[in-house]
Amino acid sequence: MTIEVRPASVFADVRAVLGPKSPGANVCWCLSHRLPSRLNTSLRGPDRGAYVADLCRAVRAPGVLAYDGDEPVGWAAVAPRAETAFAHSRKIPHLDDLPVWSLWCVRVRPGHRKQGLSHALIAGAAEFARAYGAPVVEAYPVDNGTARVDLTMAYAGLRKNFERAGFVHAADTTSVLAGHPRVLMRLDLRGP
């Protein structure tokens, strides 16, 4: 398997990873942390996909996709924190005034898991943020130790995967996901 991580600018490929089986289904499309709550809840069914299609046509893609050849097999959402719901979070602390980027969702398609794709996606998302001038990337993974995490709730990522990618624990949070505390992890992109 040869994995390549690219900006998520092709909507059909984003839909293959994030979209519902039924076009009218009301799934996240990785919008719940990207949009203000009122807008997020007002977008229903196909309107959610249409919103993501617009994001894919923007100058800056809404994240990155992992490809195995031409097949999209994974997704990572990454954007400036100021443009996300994390900008106003009471549970995820602000550490300083740096214009950090948030990496809040890592998803690998069924049939492609346990092959190192989350590692490629985390690294690819960090490089994407670096290309746009981000000084630091933050992530808010679950700190599950050795406990299993339900796959539907593993989108935030696991602390150990971010540690392997060079992220360091920067702060505890009061956020809990699937019964596990979330931590704030950071990767400084300003290095040599």
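Residues numbered from 1 in each chain as written. Predicted model: local features only at pLDDT ≥ 70, side-chain atom pairs only at ≥ 80, totals over all residues. Heavy atoms only, no water.

Our next topic: the overall build of the protein. Each helix and strand counted, the protein has five helices and seven strands in total. The secondary structure elements of the protein, listed N-terminal to C-terminal, are β-α-α-α-β-β-β-α-β-α-β-β. On C-alpha atoms alone, the protein measures out to a radius of gyration of 16 Å, which is about the 16 Å that the 2.2 N^0.38 rule sets for 192 residues. Referenced to the eigenvectors of the C-alpha coordinate spread, the extents of the protein come out at roughly 40 × 40 × 35 Å. Long-range contacts, defined here as pairs at least 24 residues apart, represent 64% of the contacts in the protein between residues at least 6 apart. Split by element, the accessible area of the protein, about 9,700 Å² in all, is 53% carbon and sulfur. Taking the average place of the 24 positive charges on the side chains of the protein and the average place of its 17 negative ones, the gap between the two points comes to 6 Å. (Helix = DSSP H or I, 4+ residues; strand = E, 2+ residues; numbered from the N terminus. Rg over C-alpha atoms; globule rule 2.2 N^0.38 Å. Contact = heavy atoms within 4.5 Å. Areas by Shrake-Rupley, 256 points an atom, 1.4 Å probe, with all protein chains shown as cover. Lys, Arg positive; Asp, Glu negative; His and termini not counted. Charge placed at Lys NZ, Arg CZ, Asp CG, Glu CD.)

We now examine the nonpolar core. If you look at the biggest cluster of nonpolar residues, it comprises 26 residues, and the most contacted ones within it are Leu103, Phe162 and Phe167. For this core, the element with the most residues is helix H4 (residues 117-131), which contributes seven residues. If near-sequence neighbours (up to four positions away) are discounted, Phe167 is found in contact with Leu103, Ile122, Val137, Glu138, Ala139, Phe162, Met185, Arg186 and Leu187. Listed in part, the 24 residues of the second largest apolar core include Ala8, Leu65, Ala79 and Cys105. (Core = buried A, V, L, I, M, F, W, Y, C linked by side-chain atoms within 4.5 Å. Buried < 20%, exposed > 50% of the residue type's maximum accessible area, 1.4 Å probe, protein only.)

This part covers the layout of surface pockets. Here the largest pocket defines a volume of roughly 1,200 Å³. What lines the largest pocket is a set of 39 residues, among which Val106, Val108, Arg113, Leu151 and Ala154 lie closest to the centre. Elements supplying a minimum of two residues to the lining of the largest pocket: strand E4 (101-108), H4 and helix H5 (159-164). Here the element with the most residues in the lining of the largest pocket is E4; it accounts for five residues. For the lining of the largest pocket, the residue count by class is 18 nonpolar, 14 polar and seven charged. Size it by volume and the second largest pocket reaches roughly 270 Å³. Every residue lining the second largest pocket is counted, 16 residues in all, and those nearest its centre are His33, Ala85, Phe86, His88 and Ser89. Of the residues belonging to the lining of the second largest pocket, the class tally is seven nonpolar, six polar and three charged. (1 Å grid on protein atoms, 1.4 Å probe; cavity = no way out; pocket = protein on both sides within 12 Å on 5 of 7 lines; lining within 4 Å. Points joined across faces, edges and corners; volume = space filled by probe spheres on them. Nonpolar A, V, L, I, M, F, W, Y, C, P; charged D, E, K, R; others polar.)

This part takes up the confidence of the model for the protein. The pLDDT averaged across the protein works out to 93; a share of 99% of its residues lies at or above 70. For the protein, the element scoring lowest by mean pLDDT is helix H2 (residues 37-42), at 92; strand E5 (residues 136-139) scores highest, at 98. (pLDDT = per-residue confidence, 0-100.)

Bringing the sheet that holds strand E1 (residues 3-7) into the picture now. Read across the sheet, seven strands follow the order E1-E2-E3-E4-E5-E7-E6 without closing on themselves; strand pairing throughout is mixed. Because the sheet does not close on itself, it has two edges, and the strands there are E1 and strand E6 (168-177). Within this sheet the neighbouring strands show an average axis-to-axis angle of 25°, counted without direction. Alignment of E6 against strand E7 (residues 180-188), held across six bridges, turns out to be antiparallel. Pairing of Asp172 across the sheet is with Val183, part of E7. Running over the sheet, helix H1 (residues 11-18) touches strand E2 (63-68), strand E3 (71-80) and E4 and is turned about 100° from E3. Lying over the sheet, H4 contacts E1, E2, E3, E4, E5 and E7, oriented at roughly 150° with respect to E4. (Pairing = 2+ DSSP bridges. Axes fitted to C-alpha atoms, helices over the stretch in contact; angles between N-to-C directions.)

Among the surface-exposed residues, Lys114, Arg148, Lys160 and Arg164 lie close enough to one another that they form a single positively charged patch. The topology assignment puts Arg148 in the loop between E5 and H5. (Patch = residues over 30% accessible without salt bridge, like charges linked within 9 Å, V, L, I, M, F, W, Y side chains within 5 Å. Salt bridge = Lys/Arg side-chain N within 4 Å of Asp/Glu carboxyl O.)

This paragraph deals with the pattern of salt bridges. All chains considered together, the criterion is met by eleven salt bridges. With a shortest N-O distance of 2.8 Å, Arg81 and Glu138 are connected by a salt bridge. Of this pair, Arg81 sits in the loop between E3 and E4 while Glu138 sits in strand E5, placing them 57 residues apart in sequence. A single burial state applies to Arg81 and to Glu138, both of which are buried. Between Arg130 and Glu127 there is a salt bridge whose closest N-O contact spans 3.2 Å. With Arg130 and Glu127 both in helix H4, this residue pair falls three residues apart, about one helical turn.

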